[in-house]
Amino acid sequence: MNWLILILAGLMEVSFTFCLGKTKTATGRELTLWWFGFMAALALSMYLMAKAAERLPIGTVYPVWTGIGAVGAVVVGIVFFHEPATFWRILFLSTLILSIIGLKVLG
């Protein structure tokens, strides 16, 4: 259950980066709504990470949380914001994913 909470916390981090990306082009009321979404996802992400840290080692929780967020942010950038999907970005993204899996296996 704690790993599920940690994964949800990481997905909320991806959500707040998506909202942040949307604020770059939004105006008026739409901008306000994206900022509200950013703040809500940020708060939920922090809360869930803190809940996961109650039972899992912080040395595992924080790297996994940031790893999910980093991988998710790159994927969101490529899929929704048309950022380049170069060989090097995918290679280093893959090494990050393998590192997160390694922490889970060893933890």
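This structure is a prediction, so every number in the text was calculated from the model and none was measured.

### Quick notes on a nonpolar patch on the surface
- Taken together, the side chains of Met1, Leu4, Ile7, Leu8 and Leu11 make up a nonpolar region of the molecular surface, amounting to roughly 500 Å² of accessible area.
- A relative accessible area of 42% means that Leu11 is categorised as partly exposed.

### Concerning the nonpolar core
- Formed by Ile5, Leu6, Ala9, Leu48, Met49, Ala52, Leu56, Val61, Val64, Trp65, Ile68 and Ile100, the largest nonpolar core amounts to 12 residues.
- Elements that contribute at least two residues to this core include exactly α1 (2–22), α2 (28–53) and α3 (58–80).
- When residues in this core are grouped by element, the largest group, four residues, is from α3.
- Apart from residues no more than four positions distant in its own chain, Leu48 is found in contact with Ile5, Leu8, Ala9 and Met12.

### Comments concerning the side chain of Ser45
- Its location among the elements puts Ser45 in helix α2.
- Judged by its relative accessible area of 0%, Ser45 is buried.
- There is a polar contact of 2.9 Å between the side chain of Ser45 and the side chain of Trp65.
- Residue contacts for Ser45: discarding those within four places in its chain leaves Ala9, Met12, Glu13, Phe16 and Trp65.

Calculation notes
Residues numbered from 1 in each chain as written. Predicted model: local features only at pLDDT ≥ 70, side-chain atom pairs only at ≥ 80, totals over all residues. Heavy atoms only, no water. Patch = residues over 30% accessible without salt bridge, like charges linked within 9 Å, V, L, I, M, F, W, Y side chains within 5 Å. Areas by Shrake-Rupley, 256 points an atom, 1.4 Å probe, with all protein chains shown as cover. Salt bridge = Lys/Arg side-chain N within 4 Å of Asp/Glu carboxyl O. Buried < 20%, exposed > 50% of the residue type's maximum accessible area, 1.4 Å probe, protein only. Core = buried A, V, L, I, M, F, W, Y, C linked by side-chain atoms within 4.5 Å. Helix = DSSP H or I, 4+ residues; strand = E, 2+ residues; numbered from the N terminus. Contact = heavy atoms within 4.5 Å. Polar contact = N/O pair within 3.5 Å; in protein donor to acceptor, adjacent residues only side chain to side chain.

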